[in-house]
Structures are given as structure tokens and as C-alpha cells.
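Residue-level structural notes
Residue-level listing of the chains:
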Amino acid sequence: MDTRAGEGGGIVSSFHAHDGTIWKVDCASAAPRATLGHKVCTASGDQTVKVWDTRTWRCVHDLKGHRALVGDVAADESKIISCSNDGTIKIWDMKDGKQIHSIQQKASWVWCVQFDDDKLVSGSTDGSAVVRPFVWDAVEGGSSSSSSSLDRVKERDSDTEKCIIQ
């Protein structure tokens, strides 16, 4: 690890984080999402998501489960959501790093993902944007959406410009 004073007195840290290209970094600093505190997530071409403690720059979770590059990650204080070119979206628990749920999307490449308190939105290389109802119960420590509500999909058909509800 290389840590040195940067311009303006800031700290610059450089270290080997993944064995593949890092496609996305999420500090969850943008409002209205809650801050991650001392955690940063990275998504990589090595098929993993890693969660880093920014005080020590040590990896606290090495999330494995995707079968292709992980192109995006979004996180808040309780959960991490990643998407991959294997066509899956995975939901992980921030506290223990365990996978909570996996969603297989129709598109082969799920390229981006974001969420808020009531929806999970993903974008794919086939031009589709998928919006799923999403309810998170932090007290229970897991998604309170039933499997059937997670499977209910609103999708914009790129050919007809109409929304599909499945």
C-alpha cells in the first residue's frame, strides 16, 4: 500500500484491490442514501465485490457468487447490491457479507443497478431497464419482499416502447 499526502493535504492511498479491472466504486456519499460510514465497495472483472474499511484499507468482505465480471455495485449501511454479466443481481448483507438473494434477469448482461427504499432498478446491454418493488426491513436484517414481489417486473420493451408487467 502506498499512502502519502496528496494535494491540499488530503491522503492518497493506492493498493492492489482486485485481480481484474475495477468497474465501479461506491462510497454511498450521494444523498439521499445513508452513508456507509467507514466502508467502500468495489466491483471487478475478477467476478467479486469487495468491501473495504477506509480506516485501515483492509478488505472486510470478499463477496463471491457471480460467474462473470461484476459491472456495478450500490450499497448503503445495511446492504450491497451487485450486478454482473452473468445476468444476475445479487443482494448481500453489509454486516456479515452473506448473500441474501439472487435474481436472474432475462438479459445476459446486467450492466448497472441502483436502489432506494422501495425499488430496485437495473439496466442491461439489451436496452431494457427493469424496475422491481423492493422493501428492506433493516430491523429484520433482510428483504421483506416476498419472492413473488421480487419476480414482479416492470420492464420497458425497447422495440415497442411499452411497459410490460409480468
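It should be noted that the structure appears before, not after, this text.
The structure contained in this document is the topic of the report that follows. (Residues numbered from 1 in each chain as written. Predicted model: local features only at pLDDT ≥ 70, side-chain atom pairs only at ≥ 80, totals over all residues. Heavy atoms only, no water.)

What to know about the state of the cysteines
The condition is simple: Here, a disulfide means two cysteine sulfur atoms that sit within 2.5 Å of each other. With a 1.4 Å probe rolled over the protein chains alone, any residue whose accessible area is under 20% of its type maximum counts as buried; one over 50% counts as exposed, and the rest are partly exposed.
Summed over all chains, the structure comprises zero disulfides. Take Cys83: it sits in no disulfide, and the sulfur closest to it among the cysteines is that of Cys112, at 6.4 Å. Its relative accessible area of 0% is what places Cys83 among the buried residues.

A few points about the sheet that holds strand S10 (residues 99-104)
Strand pairing in a sheet is mediated by backbone hydrogen bonds. Such pairs are either parallel or antiparallel. This is how it is decided: Strand pairing is defined by DSSP finding a minimum of two bridges between the two strands. Secondary structure counts use DSSP, requiring at least four H or I residues in a row for a helix and at least two E residues in a row for a strand, with both numbered from the N terminus. Note on geometry: axes are lines fitted to C-alpha atoms, helical ones only across the stretch in contact, with angles between N-to-C directions running from 0 to 180 degrees.
The strand order across the open sheet built from four strands is S7-S8-S9-S10, with neighbouring strands paired in antiparallel fashion. Each edge of the open sheet carries a strand with a single partner, namely strand S7 (70-75) and S10. With strand direction ignored, the average angle separating the axes of adjacent strands in the sheet is 15 degrees. Relative to strand S8 (residues 79-84), S7 runs antiparallel, the two sharing five bridges. Across the sheet, the residue bridging to Val70 is Ser84, located in S8.

Section: the sheet that holds strand S3 (residues 22-26)
The antiparallel open sheet is built from four strands, whose spatial order is S3-S4-S5-S6. Every other strand in the sheet has two partners, leaving S3 and strand S6 (58-64) as the edge strands with one partner each. Direction aside, the axes of adjacent strands within the sheet are offset by 20 degrees on average. By the bridge criterion, six bridges tie strand S5 (residues 48-53) to S6 in an arrangement that is antiparallel. Within the sheet, the bridge partner assigned to Val51 lies in S6 and is His61.

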